[in-house]
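A look at the structure
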Amino acid sequence: MTLGKPVRKAVIPAAGLGTRFLPATKAMPKEMLPVVDQPAIQYVVEEAMRAGLSDLLMITGRQKRALEDHFDREPTLERTLEDKGDLDRLEAVRYASSLGPLHYLRQGDPKGLGHAVLCARQHVGDEPFAVLLGDDLIDERDELLTAMMDVQRQTGGSVIALIEVDPAQISAYGCADISPVPGEEYFQVNRLVEKPAPKEAPSNLAVIGRYVLHPAVFDVLEDTAPGRGGEIQLTDALQVLATSDAAGGGVHGVIFRGRRYDTGDKLSYLKAVISIASERVDFGEELKTWLKAFTN
């Protein structure tokens, strides 16, 4: 692969079972849970499009057809809205179906994030690519993915996004040991540990759901045995790349201090909905006024 090759493709893993949100996710993908008035997955797709990624592959699973339907045309609904003169909602519905191009691939057995990424190998080919997880919503005012793509072009390896968390919470994340790169705002990743106990964590820097990866990760994932939870962990493969001198080796980290909304568990999801709703022009101020009265 030629150093500096632009990133064009994104992989969006969306095959998880969403067990933390049962029974709501019994018949509906967790990615379709609404964040105000659009599903969480749409925020992720919009982010990829804003970053200039022109080819998106969504890794899905059983009972995930609603994801495809959401981004598809719905002529009957559109005609109904048009006949009613409900042009604002008509525009919103048509906008969702204009995003893309989107491709879909079923993971089959849910063998972990690393396996989901590996499923994208044929589609991605021999070029760098982004991975966006739907649990992390990045505010559209913060261009995290664009910054990561710039670092990948400079370094030629893989790039991960990091945030600082309370050390007591690090066991819920992958954790990074990093070193400064002289003259740069990004960091060299020396070691990655998946969900370490707080006393064993090398730092309080947690890996969040944005990656820009060199295609060498596919060969590593092929040889990665199931790790924590019996799943193929992307963190384990990145640890190999971080210590490799071969082509595609090397992992760098970007510390993100912008606005991130976590939809990974019930409380965090509710906080994300309230945070995003509070920013809305149409009712944000009214909501904040109500929240002040409600919490007093």
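For the structure, see preceding data.
These numbers were taken from a predicted model, which means no experiment stands behind them.

1. Some words on the overall build of the protein chain
- The secondary structure content of the protein chain amounts to eleven helices and 13 strands.
- Computed over its C-alpha atoms, the radius of gyration of the protein chain comes to 20 Å, within 12% of the 19 Å expected for a compact globule of 296 residues.
- C-alpha extents for the protein chain along the principal axes are approximately 60 × 50 × 40 Å.
- Here the protein chain holds 296 residues, and the buried ones make up 49% of them.
- Within the protein chain, counting contacts between residues at least 6 apart in sequence, those at least 24 apart form 76% of the total.
- Here the protein chain has roughly 15,100 Å² of accessible surface; of this, 50% comes from carbon and sulfur atoms.
- Of the charged side chains in the protein chain, 33 are positive and 44 negative, and the gap between their average positions amounts to 4 Å.

2. Observations regarding helix H11 (residues 284-295)
- Taking 1.5 Å per residue as the helical rise, H11 with its twelve residues ought to reach 16 Å, and the 16 Å between its terminal C-alpha atoms agrees with that figure.
- For H11, a buried count of one out of twelve residues is recorded, marking the element as mostly open to its surroundings.

3. With respect to the packing of helix H3 (residues 75-84) against helix H4 (residues 87-98)
- Axis separation between H3 and H4 bottoms out at 8 Å; the angle between their running directions is 160°. When the interaxial angle is binned, H3 and H4 end up roughly antiparallel. Of the two possible hands of crossing, H3 and H4 adopt the one that is left-handed. On the side of H3, the interface is formed by Leu77, Glu78, Leu81 and Glu82, while H4 contributes Arg89, Leu90, Val93 and Arg94.
- Its residues assigned to classes, the contact of H3 with H4 shows four nonpolar, no polar and four charged.

4. Quick look at the packing of aromatic side chains
- Applying the stated criterion to the full structure yields three aromatic pairs.
- With centroids separated by 5.5 Å and ring planes inclined at 80°, the aromatic side chains of Phe21 and Tyr269 adopt a geometry described as edge-to-face. Taken together, the residues span a long stretch of sequence, with Phe21 in the loop between strand E1 (9-13) and strand E2 (34-35) and Tyr269 in helix H10 (residues 266-278) at a distance of 248 residues. Just as Phe21 is buried, Tyr269 falls in that class too.

5. A few points about the pairing of strand E4 (residues 55-60)
- Of all six residues in E4, six are buried, a share of seventy percent or more.
- Of the two faces of E4, the one carrying Asp55, Leu57 and Ile59 and the one carrying Leu56, Met58 and Thr60 are both buried.

6. Concerning the pattern of salt bridges
- On inspection of all chains with the given rule, the structure shows 23 salt bridges.
- Here Lys30 makes a salt bridge to Asp135, at a shortest N to O gap of 3.6 Å. One end of the pair, Lys30, is in the loop between E1 and E2; the other, Asp135, is in the loop between strand E6 (129-132) and strand E7 (136-138), with 105 residues separating them in the sequence.
- Residue classification places Lys30 among the partly exposed positions, given a relative accessible area of 21%.
- On the basis of relative accessible area, Asp135 is assigned to the partly exposed category, the value being 24%.

7. Section: helix H1 (residues 40-50)
- Of all the eleven residues making up H1, nine are buried; the element is thus mostly covered by neighbouring parts of the structure.
- Among the residues of H1, Ala40, Ile41, Gln42, Tyr43, Val44, Val45, Glu46, Glu47 and Ala48 are the ones counted as buried.
- Just beyond H1, the residue with positive phi is Gly52, at close to 90°.

8. As for the side chain of His214
- Position of His214 among the secondary structure elements: in the loop between strand E11 (205-213) and helix H8 (216-222).
- A distance of 2.8 Å separates the side chain of His214 from the backbone nitrogen of Ala216, its partner in a polar contact.

9. With respect to the nonpolar core
- If you look at the biggest cluster of nonpolar residues, it comprises 51 residues, and the most contacted ones within it are Leu53 and Met58.
- If you tally residues by element for this core, the top one is H1, at six residues.
- Once you skip the residues sitting within four places of it in the chain, Met58 turns out to touch Ile12, Ala14, Ile41, Val45, Leu67, Phe71, Leu102, His103, Tyr104 and Leu105.
- Counting 35 residues, the second-largest nonpolar core is a separate cluster that includes Val131, Ile178, Val207 and Leu241.

Here is what the cut-offs are and how they apply
Residues numbered from 1 in each chain as written. Predicted model: local features only at pLDDT ≥ 70, side-chain atom pairs only at ≥ 80, totals over all residues. Heavy atoms only, no water. Helix = DSSP H or I, 4+ residues; strand = E, 2+ residues; numbered from the N terminus. Rg over C-alpha atoms; globule rule 2.2 N^0.38 Å. Buried < 20%, exposed > 50% of the residue type's maximum accessible area, 1.4 Å probe, protein only. Contact = heavy atoms within 4.5 Å. Areas by Shrake-Rupley, 256 points an atom, 1.4 Å probe, with all protein chains shown as cover. Lys, Arg positive; Asp, Glu negative; His and termini not counted. Charge placed at Lys NZ, Arg CZ, Asp CG, Glu CD. Expected span 1.5 Å × (residues − 1). Axes fitted to C-alpha atoms, helices over the stretch in contact; angles between N-to-C directions. Parallel < 35°, antiparallel > 145°, perpendicular 65-115°, else oblique. Left-handed = near helix turned anticlockwise from the far one by under 90°. Nonpolar A, V, L, I, M, F, W, Y, C, P; charged D, E, K, R; others polar. Phe/Tyr/Trp six-rings, centres within 6.5 Å; stacked < 30°, edge-to-face > 60°. Salt bridge = Lys/Arg side-chain N within 4 Å of Asp/Glu carboxyl O. Polar contact = N/O pair within 3.5 Å; in protein donor to acceptor, adjacent residues only side chain to side chain. Core = buried A, V, L, I, M, F, W, Y, C linked by side-chain atoms within 4.5 Å.

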